[in-house]
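Residue-level listing of the chains:
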Amino acid sequence: MKKITFILSALFLVAGVAKSQELKVNDAGVKISFNYPSDNCTGTIGGFTASIVFDAAKPELANISGSVKVNTLNTLTPKRDEHLKSDEYFDAVKYPNMKFKSTKVEKTLKGFKMTGMLTIKNVEKEITINFTYANLTFTASSTIYVKDFGIMANKDREATKTIISMTIPIIG
């Protein structure tokens, strides 16, 4: 009897894990923007690729990772963009991608909270991303401090605050 109970439990567990499936991103609708308040600078970054395994009913089973291409950074000021892509800041030649990998996703009163590791310039730091998922769209935000990634190391940490906003539509 114990053996049958164990087998049935294992089958239910596998069925629950199998329900979470990889979602396909609608690349054309992705928008990732940033706001760097201390310099009154806003912009976007593109080249987004992702692997998203997510079921809103079981967020603890989520596995989300993604990256963006540094050379797509755009503030609508070409000289600034080139400077930000240079080795003085993000070094797009040596470090062409910024990467994120989730370690935990949990339900909150307003949506979901995802914790994970963000890698910029080969420096990995834990961050939190708050998000909602409705109408086949993830809407997310996070705050990072670029000083934590070795960028603008001579500035006060608070002066390097950057607010990230993301809209990631899913193909249904």
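As a reminder, the structure under discussion sits directly above these lines.
Here is what the cut-offs are and how they apply
Residues numbered from 1 in each chain as written. Predicted model: local features only at pLDDT ≥ 70, side-chain atom pairs only at ≥ 80, totals over all residues. Heavy atoms only, no water. Helix = DSSP H or I, 4+ residues; strand = E, 2+ residues; numbered from the N terminus. Contact = heavy atoms within 4.5 Å. Buried < 20%, exposed > 50% of the residue type's maximum accessible area, 1.4 Å probe, protein only. Pairing = 2+ DSSP bridges. Salt bridge = Lys/Arg side-chain N within 4 Å of Asp/Glu carboxyl O. Phe/Tyr/Trp six-rings, centres within 6.5 Å; stacked < 30°, edge-to-face > 60°. Polar contact = N/O pair within 3.5 Å; in protein donor to acceptor, adjacent residues only side chain to side chain.

Asks: What exactly am I supposed to notice about the environment of Val25 here?
Replies: Structurally, the position occupied by Val25 is in the loop between β1 (22-23) and β2 (31-36). Expressed as a C-alpha distance, the spacing of Val25 and Phe48, which sit 23 residues apart in the sequence, is 9.5 Å. The residues contacting Val25, other than those within four sequence positions of it, are Val30, Phe48, Ala50, Ile52, Ile168, Pro169, Ile170 and Ile171.

Asks: How do you make sense of the pairing of strand β7 (residues 112-120) when you look at a structure like this?
Replies: A regular strand places its side chains so that they alternate between the two faces of the sheet. Burial of β7 is extensive: seven of the nine residues sit out of reach of the surface. As paired elements, strand β6 (residues 97-107) and β7 share eight bridges and run antiparallel to each other. Bridge assignment links Lys101 to a residue of β7, and that residue is Met117. The turn joining β6 and β7, which pair antiparallel and follow one another in sequence, is formed by four residues; a positive phi near 155 degrees is taken by Gly111. Where β7 lies against strand β8 (residues 123-134), nine bridges are found, and the strand directions are antiparallel. Pairing of Thr119 across the sheet is with Glu124, part of β8. Here β7 folds back onto β8 in antiparallel fashion, the turn holding two residues, of which Lys121 has a positive phi close to 55 degrees.

Asks: Would you mind showing me how to read unusual backbone geometry here?
Replies: At Leu76, a position not held by glycine, the phi torsion is positive, near 70 degrees. Here Leu76 lies in the loop between β5 (63-69) and α2 (78-85). Positive phi outside glycine occurs at Leu136, with the angle close to 60 degrees. Relative to the elements of secondary structure, Leu136 occurs in the loop between β8 and β9 (137-145).

Asks: What am I meant to see in the pattern of salt bridges here?
Replies: It is possible for side chains bearing opposite charge to pair when their charged atoms get close. This structure, assessed with the given rule, holds three salt bridges. For Glu106, the salt bridge identified is with Lys104, shortest N-O distance 3.9 Å. With its nearest N and O atoms 3.7 Å apart, the salt bridge here joins Lys113 to Glu106. Within the structure, one salt-bridge network assembled from shared partners comprises Lys104, Glu106 and Lys113.

Asks: So what exactly am I meant to see when it comes to the packing of aromatic side chains here?
Replies: For any pair of aromatic rings, the description rests on two quantities: the centre-to-centre distance and the angle between the ring planes. A complete count under the given rule lists seven aromatic pairs for this structure. Pairing Phe54 with Phe112 gives two aromatic rings, centres 5.2 Å apart and planes at 85 degrees, and the pair type is edge-to-face. One end of the pair, Phe54, is in the loop between β4 (49-53) and β5; the other, Phe112, is in strand β7, and 58 residues separate them in sequence. The same class applies to Phe54 as to Phe112, namely buried. Ring geometry for Phe131 against Phe138: centres 5.6 Å apart, planes inclined by 55 degrees, an arrangement best described as tilted. Take Phe131 and Phe138: they sit in the same class, and that class is buried.

Asks: What am I meant to see in the environment of Ser142 here?
Replies: Of note, Ser142 is situated in strand β9. Accessibility expressed as a relative area gives 7% for Ser142, which makes it buried. Every residue in contact with Ser142, bar those within four places of it in the chain, is listed here: Ile127, Thr128, Ile129, Thr162, Ile163 and Ile164. A polar contact of 2.7 Å, which involves the side chain of Ser142, links it to the backbone oxygen of Thr128.

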